[in-house]
Structure formats: C-alpha cells, structure tokens
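Structural overview
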Amino acid sequence: MVEKGRFKLPLLSNELDAEIQHKIDMKTKPQGSLGRLETLAAQVARIQQTLSPCTDSAMHLVFAADHGVCEEGVSPFPQEVTAQMVLNFLQGGAAINVFCRHNKVGLKVINAGVKTPLPEHPDLVSCPVAPGTRNFAQESAMSADEVAQCLQKGAEMVDFWAADAQVLSLGEMGIGNTTTAAALLAALLDIPAQDIVGAGTGASPEMQVHKAQVIQAALERHQTHQQAPLDVLQSVGGLEIAMMTGAFLRGAALKKLLVVDGFIATSAWMVAYQLCPTILDYTVFAHQSHEQGHQRILSQLEITPLLALDMRLGEGTGAIAAIPLIRLATAFFNEMASFDDAGVSQSA
Ligand SMILES: O=C(O)c1ccc[n+]([C@@H]2O[C@H](COP(=O)([O-])O)[C@@H](O)[C@H]2O)c1
Ligand SMILES: Cc1cc2nc[nH]c2cc1C
C-alpha cells in the first residue's frame, strides 16, 4: 500500500492575507458586495501568493475507465458507451469539447482502463492500468498495486499536461461509475447506501433500489468501515477515480486552483481530502450535481458550490461551466479601480 506520508501538502502561507483582503475592500464597491467572487479571488491570490493572480491558463483532464460492477445491472447504458464516448471526445463532439472550446480551456482524455481498444490520437493519453475494474460485488475492484499505479499516473498526467496551468479541472467518463462513486462516498463518510444512490444516467427507481443493495452488500463484504481511505478505494473504487485522486493531490502540490465537478469527481476528491485535508484550501466546488447524493455530501461538508444548474452529465462539464466565474473573480481583483484611483468617497 502507498504510504500516507507521501501525500502531505504544505499549509498555504497567510503572509499576504491582510493585503489581499485590503485590496478587495478598497475596490469601488460596498464591502463584500461581490460576494463569492471576492472569496474566490482571495483564494486564488492566496494559492498563488500574489496580489496579481492569474487564471488565464486552465487545463481539463478527462479520465475514462470501465467498471466491473456493471455486471450487476446498475446502469441503464451498456458498458461499450464508455469507449464510444471517448471516441466522441476525440472527434470534438461531446459537451465537454464544446465547453472547453468556448472557454479556452485545454483538454486531454486519459484512458485509465477502458476495456475496448482505443485508437491512437494526439488528444488521448493511453495509460490503462487494467481493462476495467473487477466487480466489487464479488471481489476487490483493484489490487493495492493497481491503486498505487493509478495515483502515480494521475499525478504524472498533471505534471505532463497541466504543468503551466493555473487552474486544473478534472472530469470522468465511465458507465457504472455513479455506483462506484456512491460506494466510495458511503464508505468514506459512513452514510447508508440508500441515502446516497441516485439515478446516474437515468436508472429507474427499481434500479436505484438494486444499486443501493449491491453497494450495501459490498460495503459489508469488504468491511469498509474498518478500512483506511486507500483501502476503500481498492475495494470499491474505479481506475479513473483513483487517477483523479492522484491528479487532485498533485495539482494542489503544484499550487493550482482545483475545480471539482459533480458526484464522481467529488468521490475522487474525497479520498484525497481524507488523506490530506489541506487540499480544501486549493479547491473550489464548481457545480452541485442533480445526483441526489451530491447535495447531501456537500452540505455535510458545509460547502456551497458556485453553481447548481441541475446538470448530471459528468465529463467535468460542471467544472468548466464555472470557469467564467473564476476568471471574473481574478479580473475584478486585478482590474477594478480602488476608491483612491477613482476618487470615489468611502463609507463613513
Ligand atoms: O458527475 C455527476 O454528477 C454525474 C451524475 C450522473 C451521471 N454521470 C455520468 O454518467 C456516467 C455514469 O452513470 P451510470 O448510470 O452509468 O452509473 C458516467 O460517465 C458519468 O460521467 C455523472
Ligand atoms: C451518452 C452519455 C454521455 C456521457 N458523458 C458522461 N457520461 C455519459 C453517459 C452517457 C450515456
């Protein structure tokens, strides 16, 4: 098992905090009137330790993999859709392609473990650790070595593709992965499966009951309540999710703003958070998924995401939908006139 010491993140310095807040408060506006944009600007300035923060360069990585638990009939879609959607990403036709193009965000797709062979393509990085996970209803989804490889490769993807990006967002594609994410989050946060399971790509109420039963039985089989976060990841996680955990940790270590999308991305982030709570300082939750479990988890953590658009697509679309807000935050911080600059009187 990968040793936990590896995942230490330095605490962000608070040396500039007072100056950052002063710069925000001296802008020509009533104090606090730009609301969440103010906290967001302050967060980016703290991460970058500068009074001129920049969010121009953003990179989005979509991790794709198959899930053995699909054998249990937990998704309305066949597993082949994972590979078919990867091909769609490579042709530029998926929602995430459109979202990234319109926001000038770089995009790479990473094959973390798709069963179907995929073609070579400049936008596809092939580093499958296994041809999908094993069915966690029957056995561990991954071996300890596979988890370690995923964490490592996720980190390497950030080093290679996002080295210069100030903003890092992650997305995923994997039929069955709402079951995997629900299992992970139920185990990590000790929530009954039925309280966290949702429709995913459109599971009927009956299928959702079945999903919850599959998950609850698996948590008992693997005794996840006695497991450390990486062991839970090994028991019921996914290859793309484990790579995302490694990528989030590396992104924070490189002092990037981490933009977290919906339910599945949150499950990957949660593993990172339990290993290394300091990651919260580097994180902004972009979008609250329509997946019912997501709201429960975010409120348990007392986190209000930037957006709640009822989206439940995945691919990291919720993260990219928030990029304009993130850029607005640094733009007002850098460009707005101060009371002194503009000769505007301050409140008494
Ligand atoms: O991220 C979310 O909040 C989200 C919510 C519902 C579905 N998805 C996407 O739907 C797929 C998994 O759904 P399912 O029903 O096959 O488990 C996977 O490719 C995800 O990207 C994603
Ligand atoms: C069509 C389709 C697109 C997706 N994008 C992310 N998950 C998805 C699941 C399906 C089924």
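Residues numbered from 1 in each chain as written. Chains lettered and ligands numbered in written order. Predicted model: local features only at pLDDT ≥ 70, side-chain atom pairs only at ≥ 80, totals over all residues.

1. So, the environment of L325
Along the chain, L325 falls in helix α13 (residues 323-335). For L325, a count of 15 C-beta atoms within 10 Å translates into the label partly exposed. For the pair L325 and D159, spaced 166 residues apart in sequence, the C-alpha separation works out to 25 Å. Leaving out residues up to four positions away in the same chain, L325 has contacts with L37 and L306. (Helix = DSSP H or I, 4+ residues; strand = E, 2+ residues; numbered from the N terminus. Buried ≥ 20, exposed ≤ 12 C-beta atoms within 10 Å, placed from the backbone. Contact = placed C-beta atoms within 7 Å.)

2. A short note on the site of ligand 2
In the vicinity of ligand 2, the contacting residues are F77, V81, M85, M173, T201, L313, G314 and E315. Here the residues of the shell around ligand 2 are counted per class, giving five nonpolar, two polar and one charged. (Near = placed C-beta within 6 Å. Nonpolar A, V, L, I, M, F, W, Y, C, P; charged D, E, K, R; others polar.)

3. Examining the site of ligand 1
Taken together, 24 residues form the shell around ligand 1, and within it S75, G200, G262, S289 and G314 come nearest. Those elements that place two or more of their residues in the shell around ligand 1 are β4 (167-173), α6 (177-189) and α10 (263-275). Ranked by residues supplied to the shell around ligand 1, first place goes to α6 with three residues. Looking at side-chain class alone, the shell around ligand 1 contains seven nonpolar, 12 polar and five charged residues.

4. Re the packing of helix α2 (residues 35-48) against α13
It is the contact of α2 with α13, at a shortest axis distance of 8 Å, that shows an interaxial angle of 80 degrees. In terms of their interaxial angle, α2 and α13 are classed as roughly perpendicular. Here α2 contributes L37, L40, A41, V44 and A45 to the contact with α13, which in turn contributes L325, I326, L328, A329, T330, F332 and F333. Its residues placed into classes, the contact of α2 with α13 shows 11 nonpolar, one polar and no charged. (Axes fitted to C-alpha atoms, helices over the stretch in contact; angles between N-to-C directions. Parallel < 35°, antiparallel > 145°, perpendicular 65-115°, else oblique.)

5. Section: the sheet that holds strand β6 (residues 283-285)
Spatial strand order, β3-β2-β1-β4-β5-β6: six strands in an open sheet with parallel pairing. A single partner strand is all that each edge strand has here, and the edge strands are β3 (124-126) and β6. Ignoring which end each strand starts from, the neighbouring axes of this sheet average 25 degrees apart. Here strand β5 (residues 257-260) pairs with β6 via three bridges, running parallel. Bridging across to β6, V259 finds its partner in V284. (Pairing = 2+ DSSP bridges.)

6. Topic: the pairing of strand β2 (residues 106-113)
For β2, the tally of buried residues reaches six of eight residues, placing the bulk of the element in the interior. Judged from the three bridges that link them, β2 and β3 form a sheet pairing that is parallel. Paired with I110 across the two strands is V125, which belongs to β3.

7. So, unusual backbone geometry
In the Ramachandran plot, Q223 falls in the positive-phi region, its phi being about 50 degrees despite a non-glycine side chain. In this structure, Q223 sits in the loop between α7 (205-222) and α8 (229-236). Even without glycine at this site, K255 takes up a positive phi of about 60 degrees. By the element assignment, K255 lies in the loop between α9 (239-253) and β5.

8. Description of the UniProt feature "active site" (unreviewed entry) in the protein
In this structure's numbering, the residues bearing the UniProt feature "active site" (unreviewed entry) are E315. Considering the arrangement of structural elements, one finds E315 in the loop between α11 (292-300) and α12 (317-321). Filtering out sequence-adjacent residues up to four positions away, E315 remains in contact with V62, A94, A95, I96, G171 and M173. (UniProt positions renumbered as here; feature names shortened; annotations may be inferred.)

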